[in-house]
Amino acid sequence: MDVFVTFADGGKFNETYRNVKPLEYSFLGCGGGSYSLKGDVVRIQASCMSSTAGRLVKIESITSNQLILNPFGSGQYIFEKQ
């Protein structure tokens, strides 16, 4: 089971899946959208969100090969560069 999220230059991200139900394991579950960094948060905007302004997500840690986000105040999403 794999969920792949690609944060590309230019502020776009894409989410794809392999052998997984997106509803159960996804980051957002709608494929992709845009992002922008603002200090210690990232604004995530995707078509499946109820607000066109998107959501501000706290960045817990960022290095050259890892990004850790805390979107809901508990739990983490850990992204590793491959």
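Fair warning: this is a prediction, and the values are worked out from it, not measured in the lab.

Cut-off values and rules
- Residues numbered from 1 in each chain as written.
- Predicted model: local features only at pLDDT ≥ 70, side-chain atom pairs only at ≥ 80, totals over all residues.
- Heavy atoms only, no water.
- Helix = DSSP H or I, 4+ residues; strand = E, 2+ residues; numbered from the N terminus.
- Contact = heavy atoms within 4.5 Å.
- Core = buried A, V, L, I, M, F, W, Y, C linked by side-chain atoms within 4.5 Å.
- Buried < 20%, exposed > 50% of the residue type's maximum accessible area, 1.4 Å probe, protein only.
- Pairing = 2+ DSSP bridges.
- Axes fitted to C-alpha atoms, helices over the stretch in contact; angles between N-to-C directions.

Enquirer: Explain the environment of Gly-33 to me, and be specific about the residues and the numbers.
Expert: Within the element layout of this structure, Gly-33 appears in strand E3 (residues 32-38). Taking the C-alpha atoms as reference points, Gly-33 and Ala-46, separated by 13 residues in sequence, lie 4.3 Å from one another. Setting aside residues up to four positions removed in sequence, Gly-33 forms contacts with Gly-11, Lys-12, Phe-13, Gln-45 and Ala-46.

Enquirer: Quick rundown of the nonpolar core? Include the residues and the values.
Expert: Residues Val-5, Phe-13, Tyr-35, Val-42, Ile-44, Ala-46, Met-49, Val-57, Ile-59, Leu-67, Leu-69 and Phe-79 constitute the largest nonpolar core, which totals twelve residues. Elements that contribute at least two residues to this core include exactly strand E4 (41-46), strand E5 (55-62) and strand E6 (66-70). Top contributing element to this core by residue count: E4, with three residues. Ignoring any residue separated from it by four or fewer positions in sequence, one finds Val-42 in contact with Tyr-35, Ser-36, Leu-37, Arg-55, Leu-56, Val-57, Ile-59 and Leu-69.

Enquirer: Could you give me a rundown of the pairing of strand E1 (residues 2-8), with the residues and numbers involved?
Expert: Note: E1 against strand E2 (residues 12-18), seven bridges, orientation antiparallel. Paired with Ala-8 across the two strands is Lys-12, which belongs to E2. Between the antiparallel neighbours E1 and E2 lie three residues, among them Gly-10 with a positive phi of about 90 degrees.

Enquirer: Requested: an account of the environment of Gly-31, with residues and values cited.
Expert: Along the chain, Gly-31 turns up in the loop between helix H1 (22-25) and E3. Distance in space between the C-alpha atoms of Gly-31 and Ala-46 is 8.2 Å, their sequence separation being 15 residues. Ignoring anything within four residues of it in the chain, the contact list for Gly-31 reads Asn-14, Glu-15 and Tyr-17.

Enquirer: Before we move on, can you summarise the sheet that holds E2 with the specific residues and values?
Expert: The strands that make up a sheet pair up through hydrogen bonds in the backbone, lying either parallel or antiparallel. Overall, antiparallel pairing links the seven strands, which are arranged E1-E2-E3-E4-E5-E6-E7 in an open sheet. Every interior strand has two partners, whereas the edge strands, E1 and strand E7 (77-80), have only one. Averaged over neighbouring strand pairs, the angle between their axes works out to 30 degrees when direction is ignored. As defined by bridge partners, E2 adjoins E3 across three bridges and the pair is classed as antiparallel. Following the sheet pairing, Phe-13 is matched in E3 by Gly-33.

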